[in-house]
Structure formats: C-alpha cells, structure tokens
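# Coordinates in review
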Amino acid sequence: MGAVEQFTRRGIRLELADGENLRAIGKINDSMRTAIRIQKAQIVGELQLREFESLLAIVAPAHNTPAHELNEIRMTARADLSAAICSYRAMARYIKPIVRIGDEKNSSGRAI
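Presented here is a report on the structure given in the accompanying data block. (Residues numbered from 1 in each chain as written. Predicted model: local features only at pLDDT ≥ 70, side-chain atom pairs only at ≥ 80, totals over all residues. Heavy atoms only, no water.)

The helix and strand tally for the chain stands at five helices and two strands. The long-range fraction of contacts in the chain, counting pairs at least 24 apart against all pairs at least 6 apart in sequence, stands at 52%. Carbon together with sulfur atoms contributes 52% to the accessible area of the chain, which is approximately 8,000 Å² in total. (Helix = DSSP H or I, 4+ residues; strand = E, 2+ residues; numbered from the N terminus. Contact = heavy atoms within 4.5 Å. Areas by Shrake-Rupley, 256 points an atom, 1.4 Å probe, with all protein chains shown as cover.)

Structure (structure tokens):
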C-alpha cells in the first residue's frame, strides 16, 4: 500500500498544491500532520505519477502512440517528472481544452 492510500483510508485526501507542496483535506490532527511531513517526498512522488499517468492516458491515444513505447515514455518521464508533467499538461490542454463550469453547452446551446 502506498503512502497516499494510507491517508485515504483514514479519510484524508491529499492533493498537490503549488510546486511540491501538499494540500490535505479532512480531519487532521498533529500526529497526522507529522506523518504527512515524514512521508512528504513519497506522497508527492505518488501524486505526480498519478497525474502523469492521467495525462498520458489523454495524450498517448491522441498521438497514436504505440503500446510498446509507453514504458519507455514512463521511464523517461521519471527522470524529471515535474518537467514531464508540465509538458504533458500542455499537450493534454491542446487535445482536451479545459472546460470551466458554466462554459459547457449542450446541443441546444444552453448551459448544462
């Protein structure tokens, strides 16, 4: 079980904030804060890997990336995960533009 899952099971949701900062959501006491600080590097790494995988799931099919290249892409990304995430965010945004609440339209042209 990963570090993120340990906290999720305790009702704490962890998210990446700016840079390598974390946001913890849920009932947190001092011992929980200490545990998060101790495992911060592992938590950040797990959250970054999750984000990269979700971005790869958008970008790879759009560029017809062959399945046999995905592991090489993952290994290369791990060398500088922050840079890979930044790049794949830009590619994903081009493929799947961010839709803000209130901007969605249904076929009748009315906001959903």
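For helix 3 (residues 40–62), spanning 23 residues, the distance from its first C-alpha to its last is 33 Å, which sits close to the expected 33 Å at 1.5 Å a residue. A maximum bend of about 25 degrees is found in helix 3 at Leu56. Those residues of helix 3 that fall on the buried side of the exposure criterion are Ile43, Val44, Glu46, Leu47, Gln48, Glu51, Phe52, Leu55, Leu56, Val59 and Ala60. In this fold, the buried residues of helix 3 make contact with helix 1 (3–9), strand 1 (13–16), strand 2 (22–25), helix 2 (30–38), helix 4 (67–79) and helix 5 (81–95). Where helix 3 terminates, the next one or two residues include Asn64, which has phi positive at roughly 50 degrees. (Expected span 1.5 Å × (residues − 1). Bend = angle between axes of the 7 residues up to and from the residue. Buried < 20%, exposed > 50% of the residue type's maximum accessible area, 1.4 Å probe, protein only.)

Any two side chains of opposite charge can pair, so long as their charged atoms come close to each other. For the structure shown, the criterion picks out six salt bridges. Arg33 is the partner of Asp30 in a salt bridge, and the nearest nitrogen-oxygen pair spans 3.4 Å. Here Arg33 and Asp30 lie together in helix 2, a separation of three residues that amounts to about one turn. Among the residues examined, Asp30 registers a relative accessible area of 59% and is labelled exposed. Assessed through its relative accessible area of 37%, Arg33 is described here as partly exposed. We note a salt bridge from Glu51 to Arg89, for which the minimum N-O separation is 2.6 Å. Placement of the pair is Glu51 in helix 3 and Arg89 in helix 5, with a sequence separation of 38 residues. Salt bridges sharing partners connect three or more residues here, namely Arg13, Glu15 and Arg23. (Salt bridge = Lys/Arg side-chain N within 4 Å of Asp/Glu carboxyl O.)

None of this, on its own, says anything about what the molecule does.
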